[in-house]
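Secondary and tertiary structure notes
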Amino acid sequence: MEPESSQQYMCQQQQGMSSQRTQDLHMYEERFTLAMQTSTDGWWERDLRTNIAYFSPRWKQIFGYTQDEPLNCFETWIERVHPDDRGCLEMILQQQMNGQIETYEADHRVRHRDGTYRWIRARGSAQRDTEGTISRIAGWHTDITERKLEEQTQARHAQHAFFRADVSMALAKRATLQAILQHCAEAIVLHLYAAFARIWTLKQESSVLVLQASAGEYTSITGSRACIPLGVDKIGQIAQERQAYLTNDALNDPRIIDKEWVRRERMVAFAGYPLLVEDQVVGVMAMFAHEPLTEDTLDALATVAQAIAQGIGRKWAEEQLEERVKERTNELALLLDVSHNIASKLELRPLLDIILTQLKTVVAYSEVILYTFRDEQLSILHSQGPLLPEQMKHLLLLIEQDITRVIQGYHHDPFIIDDIYQDTRLSPFSMYTHNERNIVHLRSWMGVPLMVKDRIIGLFVLSHNQPQYYTQHHVSVVQALANQAAVALENAHLYGQARDLAVLQERQRLARELHDSVSQALYGIVLGTRTARTLLERNPNQLAEPLDYILSLAEDALTEMRALIFELRPASLETEGLVNALMKQAQVVQRREGLMVNMEAGEEPSLPFKVKETLYRVAQEAIHNSVKHAHAKKITVRLYENTTRSFLEVIDDGVGFNPNQSFPHHLGLMSMHERLTLVGGALEITSVPGMGTHIHAIIPR
């Protein structure tokens with residue numbers, strides 16, 4: 001081919017290729033334009049060399065801009081990104097520009113022209129020049145606002161479900177009302193992202209809302225919002241009007257007074273709900289939030305407010321029931337305690353003090369008087385209250401005849417007088433002047449007879465300074481106690497008889513002891529003295545033997561007499577202490593019985609005298625049993641204590657016995673047990689036949 005023809009050919013080829021490229025470029029432009037027109041996504045790109053940005057018509061449409069508005073600055077777009085998302089997006093773009101990543105994909109919010117924010121999914125890529133430097137970045141923005149809103153709605157629904165479940169669990173807990181409401185307030189903050197939430201309950205008797213729970217940014221339940229009267233402040237108005245109050249514009253709301261606080265704390269929304277049970281206000285639930293509250297969130301709050309109100313009503317009912325059960329339990333415990341005291345205490349007046357004091361814990365009174373009937377006459381046996389003895393006697397003279405008439409009229413049944421100044425049966429009181437009534441502080445009155453075998457032996461009278469105070473329930477409690485008091489009076493009578501008999505029996509025992517020991521010794525001394533006198537006249541050289549015999553008998557008699565006196569009243573216990581008293585007791589037994597008694601004790605225990613006397617009597621009885629019944633040859637007595645208890649041990653090497661068997665005739669063991677029980681102690685017995693006995697007394701300090 002000719003050179004000229006070759007050049008012409010190459011030129012034609014190049015022209016053809018250029019034409020093809022032009023056609024291809026035109027086709028690509030048409031395709032790109034078609035893609036821009038039909039795509040729902042917005043295209044953007046940024047030339048890093050010139051910092052000029054391009055935003056497609058669809059991009060402008062997504063964010064509310066017209067096609068004529070110039071948006072060719074990248075910074076303009078960045079400024080429209082939501083502040084919470086901007087930092088993360090700038091970091092991603094910087095990484096792309098630094099060549100750390102080639103492409104990226106991220107969801108973030110961009111401000112629409114109307115001020116709202118649209119959610120977009122941003123995808124971008126980088127383009128490098130011939131030198132490998134990134135010269136251009138571009139990408140697509142897909143509007144995913146509806147999808148995000150739907151996701152947020154679903155998330156809120158799930159969160160609201162968790163919220164309702166959490167509150168339901170709190171209301172089902174067995175806890176105090178305050179603890180339950182605190183859990184509910186914390187659930188509002190946790191699940192609804194409240195700034196803080198509070199719950200008040202209504203104190204019915206004073207019409208005041210009392211703050212019970214607070215969670216979030218404010219947790220204190222004290223201060224100016226702790227007690228809010230009905231109708232005062234927005235909270236008191238919600239309770240008084242029984243209407244919810246809602247706002248998403250706290251700064252401009254007329255009921256929210258402290259605008260400076262709202263601005264400083266960035267509060268946006270407020271929601272307050274009255275807590276109603278059968279149209280009765282039981283409290284108020286309220287919350288503040290930094291974000292607007294959506295309709296479904298408000299619906300969830302309203303539903304939970306109803307549940308919390310029902311929970312408060314239910315808890316109040318439970319507390320009232322528990323209070324009634326507690327009152328009934330206290331009443332039964334009182335009767336049981338009184339029964340125990342009657343069984344364990346034989347002295348009447350201390351027992352009556354206990355009964356009347358315990359009675360006040362279940363039945364309040366201003367004055368209580370226990371009368372006894374003697375020869376058809378009333379006499380005061382015991383009383384508690386502010387009245388002086390002279391006033392009680394004066395009162396008795398005024399009402400004795402009327403009380404008797406009332407009792408006869410009610411056929412020995414308990415009775416209640418609502419107001420003794422208004423009851424015509426008690427004529428002296430109805431004539432009292434106002435000043436005279438102030439002297440006797442009695443209004444309502446209750447009398448319960450004390451019956452023994454259908455016979456009145458006394459009368460319980462309770463009075464209160466409030467008219468119409470006593471009810472039939474009070475009567476039933478006092479009547480049960482009156483039955484116990486009647487038993488106590490009867491026991492006191494029997495105890496007096498038993499005490500007289502015990503004194504007689506003790507005298508007889510002493511007579512036997514004196515006859516068996518001291519009297520016999522004195523008789524021997526008399527015989528020995530006669531023998532000595534005879535020898536003095538006939539054979540003085542043999543006088544020493546009878547005189548030694550007389551001296552021995554006299555010493556034995558003196559020892560026995562001291563032992564008897566010591567057993568009756570160990571004076572050294574009060575003057576010298578328990579340790580010395582036990583040592584002397586051990587020495588007496590050792591001399592009298594001729595066996596070995598070891599005493600192991602430290603310092604004097606710091607115990608009341610009554611407790612020391614109990615331990616001494618227990619040791620005395622245990623040693624007596626070791627000598628008389630166990631036939632022991634060796635006895636060990638130990639006395640010691642620690643920080644919480646005192647201990648007494650009596651150990652012997654006698655015949656022993658089986659402590660698991662019943663021994664109805666072992667009065668000594670029963671006596672030790674009863675003595676220790678009266679001072680709050682306990683008795684432990686360890687024994688094996690043929691291997692001795694271990695008595696262990698334990699008393700709390």
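Residues numbered from 1 in each chain as written. Predicted model: local features only at pLDDT ≥ 70, side-chain atom pairs only at ≥ 80, totals over all residues. Heavy atoms only, no water.

**A word on the overall build of the protein**
- A count of helices and strands for the protein gives 19 helices and 21 strands.
- Counting across all 701 residues of the protein, residues that qualify as buried make up 41%.
- Pairs at least 24 residues apart make up 55% of the contacts formed inside the protein by residues separated by at least 6 positions.
- Accessible area for the protein stands at about 39,900 Å²; split by element, carbon and sulfur atoms hold 52% of it. (Helix = DSSP H or I, 4+ residues; strand = E, 2+ residues; numbered from the N terminus. Buried < 20%, exposed > 50% of the residue type's maximum accessible area, 1.4 Å probe, protein only. Contact = heavy atoms within 4.5 Å. Areas by Shrake-Rupley, 256 points an atom, 1.4 Å probe, with all protein chains shown as cover.)

**Some words on the pairing of strand E19 (residues 645–652)**
- The buried fraction of E19 amounts to six of the eight residues, a majority that puts the element mostly inside the structure.
- For strand E18 (residues 634–641) and E19, the ladder comprises seven bridges, and the chain directions are antiparallel. Within E19, the position partnered with Val637 by the bridge is Val650.
- With eight bridges connecting them, E19 and strand E21 (residues 693–700) associate as antiparallel partners. Bridging from a neighbouring strand, Phe647 pairs with Ile698 of E21. (Pairing = 2+ DSSP bridges.)

**What about helix H7 (residues 233–241)?**
- Of the residues making up H7, those classed as buried are Lys234, Ile235, Gly236, Ile238 and Ala239.
- Along its buried surface, H7 packs onto strand E6 (196–203), strand E7 (208–216), strand E8 (227–229), strand E9 (245–247), strand E10 (269–277) and strand E11 (280–289).
- A positive phi of about 60° marks Arg242, the residue just after H7.

**With respect to the packing of aromatic side chains**
- Considering all chains together, one arrives at twelve aromatic pairs under this definition.
- Taking the centre distance of 6.1 Å and the plane angle of 75° together, the rings of Phe196 and Trp261 count as edge-to-face. Separated by 65 residues along the polypeptide, Phe196 in strand E6 and Trp261 in helix H8 (residues 259–265) bring together distant segments of the chain. Each of the two residues, Phe196 as well as Trp261, counts as buried.
- Among the aromatic residues, those joined into a cluster by ring pairs are Phe196, Tyr218, Tyr245, Trp261, Phe270 and Phe288.
- The side chain of Lys148 reaches across the aromatic face of Trp119, ending 4.7 Å from its centre.
- The side chain of Lys234 reaches across the aromatic face of Phe270, ending 5.7 Å from its centre. (Phe/Tyr/Trp six-rings, centres within 6.5 Å; stacked < 30°, edge-to-face > 60°. Lys NZ or Arg CZ within 6 Å of the ring centre and 35° of its normal.)

**Comments concerning the side chain of Glu45**
- Relative to the assigned elements, Glu45 resides in strand E1 (residues 42–47).
- Here Arg136 takes part through its side chain, which lies 2.6 Å from a polar atom of the side chain of Glu45. (Polar contact = N/O pair within 3.5 Å; in protein donor to acceptor, adjacent residues only side chain to side chain.)

**Some details on the sheet that holds E8**
- Reading across the sheet, the six strands line up as E8-E7-E6-E11-E10-E9 and stay open at both edges, with antiparallel pairing between neighbours. Strand pairing shows two members of the sheet lacking a second neighbour, E8 and E9, which therefore form its edges. With direction set aside, neighbouring strand axes in the sheet form an average angle of 25°.
- In the sheet, E7 pairs with E8 via three bridges, with the strands oriented antiparallel. Paired with Val210 across the strands is Cys227, a residue of E8.
- On the sheet, helix H6 (residues 177–192) packs against E6, E7 and E11 and is oriented at approximately 50° with respect to E7. (Axes fitted to C-alpha atoms, helices over the stretch in contact; angles between N-to-C directions.)

**Section: the sheet that holds strand E17 (residues 596–601)**
- Sheet architecture is open: five strands sit in the order E17-E18-E19-E21-E20, paired in mixed fashion. The sheet is open, and its two borders are formed by E17 and strand E20 (682–687), each paired with just one other strand. Within this sheet the neighbouring strands show an average axis-to-axis angle of 10°, counted without direction.
- Of the pairings in the sheet, the one linking E17 to E18 comprises six bridges and is parallel in character. Bridging from a neighbouring strand, Val597 pairs with Ile635 of E18.

**A closer look at the nonpolar core**
- Counting residues in hydrophobic clusters, the biggest one holds 35 residues, and the most contacted among them are Leu301 and Ile308.
- Sorting the residues of this core by element identifies helix H5 (145–172), H6, E6, E7, E10, E11 and helix H9 (295–344) as the ones contributing at least two each.
- Apart from the residues within four sequence positions on either side, Ile308 is in contact with Val167, Leu171, Leu181, Cys184, Ile199, Leu275 and Met285.
- Residues Leu578, Ala586, Leu595 and Leu639 belong to the second largest nonpolar core, which totals 33 residues. (Core = buried A, V, L, I, M, F, W, Y, C linked by side-chain atoms within 4.5 Å.)

**A word on the pairing of E20**
- Inspection of the sheet shows E20 paired to E21 by six bridges, in the antiparallel sense. Following the sheet pairing, Glu684 is matched in E21 by His696.
- Linkage of E20 to E21, two consecutive antiparallel strands, is achieved through a turn of five residues, within which Gly690 is found at a positive phi near 85°.

**Digging into the confidence of the model for the protein**
- Residues with a pLDDT of 70 or more make up 75% of the protein, whose mean pLDDT is 79.
- Considering each helix and strand of the protein separately, the mean pLDDT is smallest for helix H13 (residues 434–439), with a value of 47, and largest for E10, with 94.
- Taken together, the stretch residues 433–439 has pLDDT below 50 and engages in eight contacts with residues farther than four places along the chain or on a different chain. (pLDDT = per-residue confidence, 0-100.)

**Overview of the environment of Leu192**
- In this fold, Leu192 is placed in helix H6.
- For the pair Leu192 and Met287, spaced 95 residues apart in sequence, the C-alpha to C-alpha distance is 9.8 Å.
- Sequence-distant contacts of Leu192, defined by excluding residues within four places in its chain, comprise His160, Phe163, Ala187, Thr297 and Leu301.

**Some details on the side chain of Ser626**
- Relative to the assigned elements, Ser626 resides in helix H18 (residues 609–628).
- Classification of Ser626 by relative accessible area gives buried; the value is 3%.
- Separated by 2.7 Å, the side chains of Ser626 and Asp652 make a polar contact.
- Excluding its chain neighbours within four sequence positions, the residues that come into contact with Ser626 are His631, Ala632, Ile635 and Asp652.

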